[in-house]
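# A look at the structure
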Amino acid sequence: MKKNKEILRDVFWRRAIVCFSFFIFISTISFAQTAKKKNHVHTADLFGKVKDSFTRADLQPFVTLMKADSTVIDTVTSEPPMGNYSNGGYYFSHEPVEVGKYIVKAVLNGYNDAYLDYYIKYIGRNVLFSFPLIKMRKKIDSEVHELDEVKVKATLVKLVHKGDTLVYNAEAFKVPQGSMLDGLIRQLPGAVLKDDGEIFVNGRKIDNLTLNGDDFFKGDNSTMLKNLPYFTVNQIKVYDKQTEKSRKAGRDIEPREYTMDVVLKRQYNRGYITNAEGGLGTHSRYTGQTFLLGYGALSRLSVYGNLNNLNQNPEPGDQGDWTPQKMGDGLTTTKKTGLDFQTKDKDGKWNEYFSTQASWLEKEVQSSSLTQQFVETGDLFSGSRQNSDSHDFKWETNNKFELGNNLTWKVNADYQRKRDDELQSDSTSTFEQKINSSSTFSGKSQHIYNVSTSFDYQKTLPWGDIVNFTFSGGLGNTQNKQTETKAVHYWLTADHLNQLLTTDNPQHTYNFCMDAVYSIPFTSKWSVTPELTYQQEYLNSRASYMRDSVLDNNSFQSGLLKRSGEASFRLGYNRYDPVKGSVYFRYIMKMKRQNERYSLYTPLGAFLPGRSSWLPSIWTFFYAQNSKHYIFVQYQLTSSLPDLSMMYGSDNTLSPLVTIYRNRDLKKMSTESLNAKYYRDFAWHKFSWGVDVDWTTEHGKIGYQRSMDSQTGSYQYRPQNINGNWDFKLGMNEML
């Protein structure tokens, strides 16, 4: 039988060769077809935006592209800032380009005609040229002729398709008075709102929830879903939006994100929206929440807060039902407040986003459990009763500054304070007699500090290639303290144990990462991207265990330094076409070299192990969609190493009823996963049907071998590699 390491190596190279051969075959055909074309003319996309010269509002004029001699090349109407082209603007697709002068003309009723002269100096491998902003001036009143008012009555249409954009008309839905945005979304055809705030439309998960095209409350859908009144919404649009990196590059270098954009009515685009509610009940119960949103042309501000002691953590999908599964364990008090602020330059040269949030969570829990284990020597029964009281405070703040399309700077900081008091009693017995019983009282406190920053610079070179440099780093500090009093009685041996255990476990960490990417678009759809990454992490940990005022042998001081270098190769194909359908391919092969140095000092001796290992990985992605079909296939093969703390050091004997052994023979692990989805939209029947397939297999997964001492009821655990783990899921769904 092959060794575990050889099996993993064989699996990786076999999968890599198959996937790579497939993409080489596809790209060879593409090149062959291109080579057969005679007198090949370079084509590219040309893009730009038009705004009001004073207000900087986006305009949708009729745009004409001309040569230097005013010969018309193409015409198009500028799009609003969302939908097919993300931030809006005019877009000339696959136009033949050459070095020279081009003229762009913009015409819009009520505005003076505007012209732009643009010179293409170098073509190279460029597949997109971004024109400077066109500013249009309004005509004076004497030049504007108003027509008589005409009233038109029409039936409200709930849902329309505009290219690749699904547009819901909010006014066509009857929503109960007092409802928020979540109440409106629950009524949208094909939309499903989960209890955790996740939104699905026609079977696809929404990646981003935006407000008027901008990321607001990102990562916290519940704030907008539970606080934005439904009557302020004009439309809800669902579409595939360019990622931030793709937008800066001017073309798709990453798969687009499935986005739901909430578009406010015109009267709410400037001004303030407030919402507040509260209530009191018997037994000192209370609830309340408040929300303030200030919206301007260039800035937005929101302040929100909520509190209650009704075991409620407000969930967007909640419809007021009270089932046993939602009743919780005990009494929970929740308090949360936050602020979000965003502002930008009127010409789009910079953008600033800031958010901060503080939350308090208090929880009192009383629980009991009874379990039965079936073993050959006789069934075991375990009983447990627990009373706990926890207090958790968390504060976090995030800031992001963007300078043009080149530089992004992020700063994040958070602090968390926890306090847990717990009283627990346990017992283990057979059907005939007790084996042991114990009672434990513990008090834990934890303080966590983290700060991190990142710089990202992206530049499109004159010949069309894209370079990206990223540096990120962070510092962390954790203070853990615990006092535990435990009493254990062994009924078979009549022994009794009392102990007082105090723990002081501070941890200090730092990490930084440097990444360089060079993307080569060798056709308008195919690209090759090599990438180099260096990463370093360090964790310093000290644990002092005092058992009855004596230093315990489980105490230790350790330092773990990880250095890794990674080279990756990415082959990609992008075809974005709202009419014919979009197709994306990605093939990524990574080879990572990881070096670890571990220093461990205990009262029983010192351990100074180290290791170096290759960690390969493969990621293959395919995505295709049109107005009726959606196909998604993703395959991943990853590898990882077991934690060195599971392999070296003294066996863990802190608990008198549990012993955890080390195992120096633990090997590398790998995971293979395949995820496939297919959805079919039957628009004429107003429903969609889909199927999901998930398959995962794990080689060398770490599990614990368990044994029990029949006299004392104590357990012994030993980690070991296990092969043959797999999981398969098949799901089918239908949505109206």
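The rules behind the values
Residue indices begin from 1 for each chain and proceed along its sequence in written order. It should be noted that, the model being predicted, local features are given only for residues of pLDDT at least 70 and side-chain atom pairs only at 80 or more, the latter also being counted only at that level, while totals for whole chains, interfaces and linings use all residues. To get the side-chain values, take all heavy atoms of the structure and skip hydrogens and water. Where helices and strands are cited, they refer to DSSP runs of H or I of at least four residues and of E of at least two residues respectively, numbered from the N terminus. Only protein chains enter the accessibility calculation, which uses a 1.4 Å probe; a residue is then buried when its area is under 20% of its type maximum, exposed when over 50%, and partly exposed in between. Pairs of residues are marked as contacts when any of their non-hydrogen atoms sit within 4.5 Å. In short, Shrake-Rupley with a 1.4 Å probe defines the accessible areas, and a residue's cover is counted only from the protein chains shown. When DSSP locates at least two bridges between a pair of strands, those strands are taken to pair. Whenever a helix is involved, its axis is fitted only over the stretch in contact; in every case the axis is a line through C-alpha atoms, and angles between N-to-C directions fall within 0 to 180 degrees. To form a nonpolar core, buried Ala, Val, Leu, Ile, Met, Phe, Trp, Tyr and Cys residues must be joined to one another through side-chain atoms within 4.5 Å. Summary of the metric used: pLDDT quantifies the predictor's per-residue confidence within the range 0 to 100. Pairing of aromatic rings covers Phe, Tyr and the six-membered ring of Trp, with a centre-to-centre limit of 6.5 Å; geometry is then stacked below 30 degrees between planes, edge-to-face above 60, and tilted otherwise. Here a polar contact is taken to be a pair of N or O atoms separated by no more than 3.5 Å, where protein atoms must pair a possible hydrogen donor with a possible acceptor and residues adjacent in sequence count only if both atoms sit in side chains. Here the term patch refers to residues with relative accessible area over 30% and no salt bridge, with like charges joined within 9 Å and nonpolar side chains (Val, Leu, Ile, Met, Phe, Trp, Tyr) within 5 Å. A pairing counts as a salt bridge when a side-chain nitrogen of Lys or Arg comes within 4 Å of a carboxyl oxygen of Asp or Glu.

## Some thoughts on the overall build of the protein
In terms of helices and strands, the protein carries 4 helices and 42 strands. Here the protein, with 736 residues, has 41% of them falling under the buried criterion. Considering only contacts in the protein between residues 6 or more positions apart, those separated by 24 or more positions represent 64%. Approximately 40,000 Å² of the protein is accessible, and the part contributed by carbon and sulfur atoms is 54%.

## Thoughts on the environment of Pro-521
With respect to the secondary-structure elements, Pro-521 resides in the loop between β28 (495-519) and β29 (526-547). By relative accessible area, Pro-521 is classed as buried at 2%. C-alpha of Pro-521 to C-alpha of Trp-463: the two residues are 58 residues apart in sequence and 10.0 Å apart in space.

## A closer look at the pairing of β28
With 25 bridges connecting them, strand β27 (residues 466-490) and β28 associate as antiparallel partners. Directly across from Gln-482, in β28, lies its bridge partner Thr-503. Between the end of β28 and the start of β29, which pair antiparallel, lie 6 residues.

## What to know about the sheet that holds strand β36 (residues 652-655)
Here we have 4 strands laid out as an open sheet, ordered β36-β37-β41-β40, and mixed in their pairing. Either end of the sheet is taken by a strand with one partner, and the two such strands are β36 and β40 (701-708). Ignoring strand direction, the axes of neighbouring strands in this sheet form an average angle of 30°.

## Observations regarding the sheet that holds strand β1 (residues 43-48)
Taken together, 3 strands build an open sheet; the order of strands is β5-β1-β8 and the sheet is mixed. Each end of this open sheet is capped by a strand with a single partner; those strands are β5 (90-96) and β8 (128-130). Sheet twist, expressed as the mean angle between neighbouring strand axes with direction ignored, is 20°.

## Description of the nonpolar core
One finds Leu-181, Leu-184, Ile-199, Val-201, Leu-228, Ile-236 and Met-260 to be the most contacted residues of the largest nonpolar core, which totals 32 residues. Setting aside chain neighbours within four positions, we find Met-260 in contact with Ile-185, Leu-188, Ile-199, Val-201, Ile-206, Asn-208, Leu-209, Thr-210, Ile-236, Lys-237 and Val-238. Val-63, Ala-114, Ile-123 and Phe-129 belong to the second largest nonpolar core, which has 22 residues in total.

## Some thoughts on the confidence of the model for the protein
Averaged over the protein, the pLDDT score is 84; the fraction of residues at 70 or greater is 86%. Looking over the protein, one finds the lowest element-wise mean pLDDT in helix α1 (residues 4-36), namely 53, and the highest in β27, namely 95. pLDDT under 50 marks residues 28-39. Its contacts with residues more than four places away, or in other chains, come to 3 contacts. Segment residues 315-327: pLDDT under 50, and 23 contacts once partners within four positions in sequence are set aside and those in other chains are kept.

## With respect to unusual backbone geometry
The backbone phi angle of His-283 is positive, close to 55°, even though this residue is not glycine. If you trace the backbone, His-283 turns up in the loop between β19 (271-280) and β20 (286-295). Residue His-283 is classed as exposed on the basis of its relative accessible area of 66%. Of note, Ala-494 is a non-glycine position whose phi angle comes to about 60°, a positive value. Its location among the elements puts Ala-494 in the loop between β27 and β28. Ala-494 sits in the exposed class, given a relative accessible area of 58%.

## Concerning the packing of aromatic side chains
Pairs of aromatic rings are described using the distance from one ring centre to the other and the angle between the two planes. Overall, the coordinates contain 20 aromatic pairs when judged by the stated rule. Look at Tyr-90 and Phe-131: their rings are 6.4 Å apart centre to centre, the planes differ by 45°, and that puts the pair in the tilted class. Taken together, the positions of Tyr-90 in strand β5 and Phe-131 in the loop between β8 and β9 (134-136) put the pair 41 residues apart, joining distant regions of the chain. Assigned by exposure class, Tyr-90 and Phe-131 land together as buried. Judged by centre distance (6.1 Å) and plane angle (45°), the ring pair of Phe-512 and Tyr-534 falls under tilted. Of this pair, Phe-512 sits in strand β28 while Tyr-534 sits in strand β29, and the two are 22 residues apart along the sequence. Three or more aromatic residues link up through ring pairs in this structure, and these residues are Tyr-90, Phe-92, Tyr-118 and Phe-131.

## As for the environment of Asn-406
Structurally, Asn-406 is set in the loop between β24 (380-403) and β25 (407-429). On a C-alpha basis, the gap between Asn-406 and Thr-460 in space is 8.8 Å, while along the polypeptide they are 54 residues apart. With near-sequence residues (within four places) excluded, Asn-406 lies in contact with Asp-456, Tyr-457, Gln-458 and Lys-459. From its side chain, Asn-406 meets the backbone oxygen of Gln-458 in a polar contact 2.8 Å long.

## Side note on a nonpolar patch on the surface
A cluster of nonpolar side chains, Tyr-272, Leu-292, Leu-301 and Val-303, forms an exposed patch at the surface whose accessible area comes to about 370 Å². For Tyr-272, the location among the structural elements is in strand β19.

## Digging into the pattern of salt bridges
Using the criterion set out here, one finds 13 salt bridges in the structure. One salt bridge connects Asp-117 with Lys-101, and the closest N-O pair in it is separated by 3.8 Å. Highlighted residues: Asp-117 in strand β7 (residues 114-120) and Lys-101 in strand β6 (residues 100-107), separated in sequence by 16 residues. Between Glu-198 and Lys-205 there is a salt bridge, with its nearest N and O atoms 3.0 Å apart. Look at Glu-198 and you get partly exposed, because its relative accessible area is 27%. Several salt bridges share partner residues, and in doing so they unite Asp-182, Arg-186 and Lys-226 into one network.

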